[in-house]
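Given next are the chains, with one letter for each unit.
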Amino acid sequence: MDFIRQQGLTCPQALIWAIRALNTFHMGVVRGDKGAIACGRHMYGRGIKHLAYILQTPAALTDETLAAAILLGGYEMLDESCKNSWVLHCGGIRHLMCARGPAAHKHGIGRTLMLSFRNFLVTEAFRQGESCFLEKPEWSSMVIKKSGTESERNEYDFVSQATEFIFNETVRCPGYYAATRAIIESQVNTKPAAIGQLVGKMTGTKSRLTRLHARITLASKEDTTTTFQESSTGMTASEFAKYVAEQPCISLLSSVLALLDQLMIVLELHQSSRSRIDSKSENDGVRTDHQPHNSSRNVALGAKMQEGLNKFSAAMIVPSIRGIPIRTVEEE
């Protein structure tokens, strides 16, 4: 709210109407007031119109515009104007952030906005069946706050940074999911080396997350009595570690590990099925350059991946991620 107050009379109309829409809608839901809910929807519409206008001006890449877009996107998650409208809006926010560049989200309110909305950007990538732009080095390196010298680092720094490292590994998952789907859907046999490379990347992510979880757990058990001045909570580093261990990021970590396991199982089943087909073809003296599609098998593999996505979206505290159905040759 300090950011809003600082704007004074210069606050753009898109941001003003976004705030009004969210507050009015929330009040209507809490009080069961249908009139207030309808009023909130009207305010949302006005906010969208002002946002569309400001995106055509030099102010399109300002923090205020991004804040308005995120708040209006948040409104759509609470009261969707149409099916999956928040996904389309989230795509617009993604394009806006990319146009602003990583540097615009390194400090201040720009960083706060990015951190507050990044879970939904990961979800949108899953829904679109593509990698998330936040996994690119220029973005992932920006997320981690750099500590000073080695002597200035302490356990408090480690615990707070560990949550960011967890996200930097989590953000790779949409790409893993998209690559797994591409292999299963491919009409051409995927080389075992390519599948092995993908599994290797997922295994690396799983190993790093497992080590992070172990280190946080170990830190929470250490007998630390020093209270660091850097901690505004007044807790010791060990107490802070225990606090973090109970936070959503840890349940997210467990869900990410489960999703990675599901994807690797799917690839293993796919390879086993492919090996049986190749073996049978060799025995019959038939060469198979293309991968025959089995609808029932694809449905089973898709269901297994969806199981992992359901747990992941619950841990991310975002709308349920519905994977794109596995396509078969017959459907094309």
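That block above? That's the structure.
In short, a report on the structure.

Our focus in this paragraph is the overall build of the chain. Per the secondary structure count, the chain includes 13 helices and zero strands. Residues classed as buried in the chain amount to 46% of the 332 residues present. Accessible area of the chain: about 17,300 Å², with a carbon and sulfur share of 55%.

Bringing the environment of G108 into the picture now. By the element assignment, G108 lies in helix α6 (residues 108–128). For G108, a relative accessible area of 53% gives the class exposed. For the pair G108 and D63, spaced 45 residues apart in sequence, the C-alpha to C-alpha distance is 9.6 Å.

Further remarks concern helix α2 (residues 13–31). With 19 residues, α2 should cover 27 Å at 1.5 Å per step; its first-to-last C-alpha distance of 27 Å lies within 8% of that length. What α2 keeps buried is the set A14, L15, W17, A18, I19, A21, L22, T24, F25 and G28. Residue G32 follows α2 closely and has a positive phi angle near 65°.

Following both chains from N to C, one finds helix α4 (residues 63–78) and α6 inclined at 25°, their axes separated by 10 Å at the closest point. If you check the angle between α4 and α6, you find them roughly parallel. In the packing of α4 onto α6, the handedness of the crossing is left-handed. Contact residues: D63, L66, A67, I70 and M77 in α4; I109, G110, L113, F117 and F120 in α6. Residues belonging to the contact of α4 with α6 are distributed by class as follows: eight nonpolar, one polar and one charged.

Definitions and limits used
Along each chain, the written sequence defines residue order, and numbers are assigned to residues from 1. Whole-chain, interface and lining totals are the exception, using all residues; otherwise, since this is a predicted model, local features are given only for residues with pLDDT of at least 70 and side-chain atom pairs are given and counted only at 80 or more. With hydrogens and water set aside, each side-chain value is computed from the structure's full complement of heavy atoms. By definition, any uninterrupted DSSP run of H or I lasting at least four residues is a helix, any uninterrupted run of E lasting at least two residues is a strand, and each is numbered from the N terminus. Exposed residues in this analysis have more than 50% of their type's maximum accessible area, buried residues have under 20%, and partly exposed residues fall in between, with area computed by a 1.4 Å probe over protein chains only. Note on areas: Shrake-Rupley, 1.4 Å probe, and residue coverage restricted to the protein chains presented here. Expected span, for any helix, means 1.5 Å times one less than how many residues it has. Angles run from 0 to 180 degrees between N-to-C directions of axes, and those axes are lines fitted to C-alpha atoms, restricted for helices to the stretch in contact. Angle categories are assigned with fixed cut-offs, so that under 35 degrees is roughly parallel, over 145 is roughly antiparallel, 65 to 115 is roughly perpendicular, and the rest are oblique. Here a crossing is called left-handed whenever its near helix is offset anticlockwise from the far helix by less than a right angle, and right-handed whenever the offset is clockwise. Any two residues whose heavy atoms approach within 4.5 Å at even a single point are treated as in contact. Three classes are used, and their members are as follows: Ala, Val, Leu, Ile, Met, Phe, Trp, Tyr, Cys and Pro are nonpolar, Asp, Glu, Lys and Arg are charged, and the others, Gly among them, are polar.

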